[in-house]
Structures are given as structure tokens and as C-alpha cells.
Number of protein chains: 2
Amino acid sequence: MPKVVLTYFNFKAVGESIRLLLLYGGQEFEDIRLTSEEWRQYKPTTPFGQAPVLEIDDKKYAQSMAISRYLGRKYGLAGATLEEDLEIDMIVDYINEIRAKGFEVRYEKDEAIQTRKHADFTQNVYPVMLNRLNDIIEKNNGYIALGKLTWADFLFAGMFDYLKMMMRTPDLEEKYPNFKKVVDRVHALPQLQEYLANAPKTTH
Amino acid sequence: MPKVVLTYFNFKAVGESIRLLLLYGGQEFEDIRLTSEEWRQYKPTTPFGQAPVLEIDDKKYAQSMAISRYLGRKYGLAGATLEEDLEIDMIVDYINEIRAKGFEVRYEKDEAIQTRKHADFTQNVYPVMLNRLNDIIEKNNGYIALGKLTWADFLFAGMFDYLKMMMRTPDLEEKYPNFKKVVDRVHALPQLQEYLANAPKTTH
């Protein structure tokens, strides 16, 4: 078994899917959660100045989606054909666009712009994208893609609280009931129970 | 050979890598370039309300990166191991973040915000990200990843003029000479010569 270290913050956000996938795969790993001070020290050693970073036998990898895809393929949570992988990837990229919209608001430094952008996206962007995603999950029998469990479900479940926070929509699952199906299915997996019962509390 | 139709606009932008990969793979395809009027008609039939769309035997796929990865794997332009694919994917995701920053400025509707954001990113965001990418290409012997030709080179070469336009930096290759190496290497591939000599002229 390779030596695996995940370095992120004490958030779920875009690091949680990696944790959940490693647990699913039965891979032992060190789950490092940096403080801001520790991050300043660690940042220059990362591939892109970003977290999460996954170290596998001392080689460092970055980018949450890329790492989640890698683990998904490794643990049998990818497609059976190239076309099936394309089907997963295209929906994952769409989810990432939704995340990026929320991100654009959340990390806007100018408060006036942030307020206006949040109102604009809440009116004109989020409903279209979220409805479409809800429909996709409907069509896929309560999964993100292919009508079965894939790494895309882990990706979405891992960032769900983060999406809610960035979009300021604590009742997101009531508006889009299929989102909850995906989260619940992932969270019901036996490999994750011990972790979920004992995981550090985080806001998102 | 499957029946393949690419539907996009008369731009390179995020559609060109798909064209170049299909040409590299020797796949015949219809290269539809929609007018704005045609797009309004076509849009409701797409998976996500977005272009490009790649039809393979009448099944529609969306998302430029996902499609490019699919074609890259199909035509022998991916990694030899899961770890090599992760290496490609993480750099591609980083390039996509750079693209998304330019996109955020280019498609900002409020002109005052757009001006300020362009100035901010030009000062604080683009240099760090572009320098890092330039260094990555340096380390990879003039390629995006793995020190050899992969689909990531097609992705970058295809969107290069688009990046320059969005960042308002016509001399991008002078500041970051390694970018030009990637573009030139892709554009020198024999499978692309007839297309490149005859392709419709586009601004970006």
C-alpha cells in the first residue's frame, strides 16, 4: 500500500471528496488539516500554490477534481468505457462550473460587487444550472452519472455543504431534492461510517 | 468509423482543441460553426445549454475539457498509467483556472467592474499563474505534461489566441516563450496541415 498524505484545511469544501474516496478504497492516509499559519509555511512547497495536495509515496499532486478522478478510476468508480468516462467527466465539469460561480461570489473582495453578484447569480444563474443538475440526477436514478455510483457522487457529496454556504442557500436540498439523494447515498456507504461518526466538525 | 459532428461557433476558443484532436485521430467529422441566430435554435437541444457539443453516432456530449480528454485517451495522447493521467489532468485543471479568470473579465457585463477586474488580475493574478505554467512547460521539455505530446498540448494550443484576447495581451508568447513552443509543436503535426492552411479565419 502506498504512503498517502492529504494536506488541506479543516473544511470539507473541495478536499472532502478525496477523503471519502480514500476511505472507500481502503487506503490508509494521514489527514492533515492546516491552520492559516501552517498554510503560509506549506504553500510554497505545493505544485500550484493551492490545497488540497495529495502525496503518494512522497510525490505531490494537486487539483481536487483531477485527484478525485484518479482515485475513482483506481477504486472502480469510473466508467466501463471511454464514452462512460466522458459522460462522468462532462457532468463533473458542469458541477465545477456551478462551484466556480459560487466561488466567484464568495471570494469577491469588494463588498458592493459581491452583493450585486450574489443577487444576479441567485436570480439568473443558479436556478438554471441547479435545475439542470437536478434533472440530470433524476435521469440517472439518483446518481450524478451513468445511473450508478461513480466518483462524481463523491465529488458532489463532498462539496455539498460548501455549495450551500457559497450560494447562501441552507435549504438547497429542499429546493432540489435529488441533491440530497446523492449525498445520502454516499454517506450511507459502510466504508465511510467510522470516519463520518468521528470527523472533525467543520462549517462547510 | 463513427459518425462525428462538432457544433460550435466560428471561433477557436474552447472548440479548437476538439477539431485538432479529431484531425490528429484521423476521424472524419462535420465542423459546424453556428451563427448567433442558429445558436438560439440549437441551444435547447444541447446537454447543458452550452457549446461545443460533440455528437458521436447521434449521442451528444458537452464540455470542452471532458471531450478533449476523451479524444486524447482514444488517440493515444493520454498517460500510460493512472498517475500519468493525474499529472496531465491536474495541469489541465490549472490551465482551466487561468482560462476561467480571463473569462470572468471578458464576460463581465458591468464595464466599470470589468476595467477594475482586468487591472487587478493583470497585476495580481495572471503573472503568478502564467509564470507557474511557463515553468511547468520548461520542466516538461516544451510540453504541458509528462515531457511528451499529450492531449493537454492540444487543449492549450487550441485556446491560446482566446487566452491572449481575454487577457488583452497580444504579446503573451514574448513574455512566456514556452507557451509558443507548445503551440508550435501542435501546429507542426502533419495531420493538421491541410486544416490549418484552409481553416476559416477567426479572431480568436
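Residues numbered from 1 in each chain as written. Chains lettered and ligands numbered in written order. Predicted model: local features only at pLDDT ≥ 70, side-chain atom pairs only at ≥ 80, totals over all residues. Heavy atoms only, no water.

(A) Structural detail: the interface of chain A and chain B. Taken together, the contact pairs 39 residues of chain A with 39 residues of chain B. Counting each side, the surface lost to burial between chain A and chain B is near 3500 Å², with a carbon and sulfur contribution of 55%. Where chain A meets chain B, there are 13 salt bridges. Where A:Lys109 meets B:Asp120, a salt bridge forms, and the shortest distance between an N and an O atom there is 3.7 Å. (Contact = heavy atoms within 4.5 Å. Buried area = accessible area lost by both parts, 1.4 Å probe. Salt bridge = Lys/Arg side-chain N within 4 Å of Asp/Glu carboxyl O.)

(B) How the structure looks around the UniProt feature "domain: GST C-terminal" (unreviewed entry) in chain A. The positions UniProt marks with the feature "domain: GST C-terminal" (unreviewed entry) are residues 81–204 of chain A. The span residues 81–204 of chain A shows a helical share of 73% and a strand share of 0%, and its end C-alpha atoms are spaced 34 Å apart. (UniProt positions renumbered as here; feature names shortened; annotations may be inferred. Helix = DSSP H or I, 4+ residues; strand = E, 2+ residues; numbered from the N terminus.)

(C) Region of the structure containing the nonpolar core. One finds A:Phe156 and B:Phe156 to be the most contacted residues of the largest nonpolar core, which totals 138 residues. Once residues lying within four places of it in the same chain are set aside, the contact partners of A:Phe156 are A:Ile95, A:Leu133, A:Ile144, A:Leu163, A:Phe179, A:Val182 and A:Val183. (Core = buried A, V, L, I, M, F, W, Y, C linked by side-chain atoms within 4.5 Å. Buried < 20%, exposed > 50% of the residue type's maximum accessible area, 1.4 Å probe, protein only.)

(D) Representation of the sheet that holds strand 2 (residues 30–34) of chain B within the structure. Residue and element names in this part refer to chain B. One open sheet holds the four strands; their spatial order is 2-1-3-4, and the pairing between them is mixed. A single partner strand is all that each edge strand has here, and the edge strands are strand 2 and strand 4 (59–62). Taken pair by pair, the neighbouring strands of this sheet meet at an average axis angle of 20°, ignoring direction. Across five bridges, strand 1 (residues 4–9) lies against strand 2 in parallel orientation. Directly across from Thr-7, in strand 2, lies its bridge partner Ile-32. (Pairing = 2+ DSSP bridges. Axes fitted to C-alpha atoms, helices over the stretch in contact; angles between N-to-C directions.)

(E) Focus on the packing of aromatic side chains. All names here are of chain A. Per the counting criterion, the structure on display carries 22 aromatic pairs over all chains. Ring centres of Tyr-24 and Phe-154 lie 5.4 Å apart, and the angle between their planes is 70°; on these two criteria the pair is classed as edge-to-face. Linking Tyr-24 in helix 1 (residues 16–24) with Phe-154 in helix 7 (residues 151–167), this pair joins segments that are 130 residues apart in sequence. For Tyr-24, a relative accessible area of 23% puts it in the partly exposed group. Ring-pair connections join several aromatic residues into one group, and the members of that group are Tyr-8, Phe-9, Trp-39 and Tyr-42. Against the face of Phe-103 rests Arg-99, its NZ or CZ located 5.5 Å from the ring centre. Directly above the aromatic system of Tyr-143 lies the positively charged group of Arg-185, at a separation of 4.1 Å from the ring centroid. (Phe/Tyr/Trp six-rings, centres within 6.5 Å; stacked < 30°, edge-to-face > 60°. Lys NZ or Arg CZ within 6 Å of the ring centre and 35° of its normal.)

(F) Representation of the relation of the copies chain A and chain B. Here chain A sits on chain B after a turn of 180° about the axis and a move of 0.0 Å along it, with an RMSD of 0.0 Å. Such a combination of rotation and displacement between the chain copies is what one expects of a two-fold axis. Closest to the rotation axis within chain A is the C-alpha of A:Ile113, separated from it by 4.0 Å. (Least-squares fit on C-alpha atoms with pLDDT ≥ 70 in both.)

(G) Structural context of the UniProt feature "domain: GST N-terminal" (unreviewed entry) in chain A. The UniProt record annotates "domain: GST N-terminal" (unreviewed entry) at residues 2–79 of chain A. The span residues 2–79 of chain A is 35% helix and 24% strand, and its two end C-alpha atoms sit 24 Å from each other.

(H) Molecular detail of the pattern of salt bridges. Under the counting rule described, the total for this entry stands at 32 salt bridges over all chains. Among the salt bridges present, the one from A:Arg19 reaches A:Asp31, with a minimum N-O distance of 2.8 Å. Separated by twelve residues along the polypeptide, A:Arg19 in helix 1 and A:Asp31 in strand 2 (residues 30–34) bring together distant segments of the chain. A relative accessible area of 25% means that A:Asp31 is categorised as partly exposed. The closest approach of N and O atoms between B:Arg69 and A:Asp89, which form a salt bridge, is 2.9 Å. Residue B:Arg69 is located in helix 3 (residues 64–74), and its partner A:Asp89 is located in helix 4 (residues 82–106); the two belong to separate chains. Classification of B:Arg69 as buried rests on a relative accessible area of 3%. Several salt bridges share partner residues, and in doing so they unite A:Glu16, A:Arg19, A:Asp31 and A:Arg33 into one network.

(I) Representation of unusual backbone geometry within the structure. The peptide bond linking A:Ala51 to A:Pro52 adopts the cis configuration, its omega dihedral lying at 10°. Inspection of the secondary structure assignment puts A:Pro52 in the loop between helix 2 (36–42) and strand 3 (53–56). For A:Asp57, which is not glycine, the phi dihedral falls at a positive 45°. Among the secondary structure elements, A:Asp57 is positioned in the loop between strand 3 and strand 4 (59–62). Look at A:Asp57 and you get partly exposed, because its relative accessible area is 48%. Although it is not a glycine, B:Gln63 adopts a positive phi angle of roughly 80°. When you line up the elements, B:Gln63 lands in the loop between strand 4 and helix 3. Residue B:Gln63 is classed as buried on the basis of its relative accessible area of 10%.

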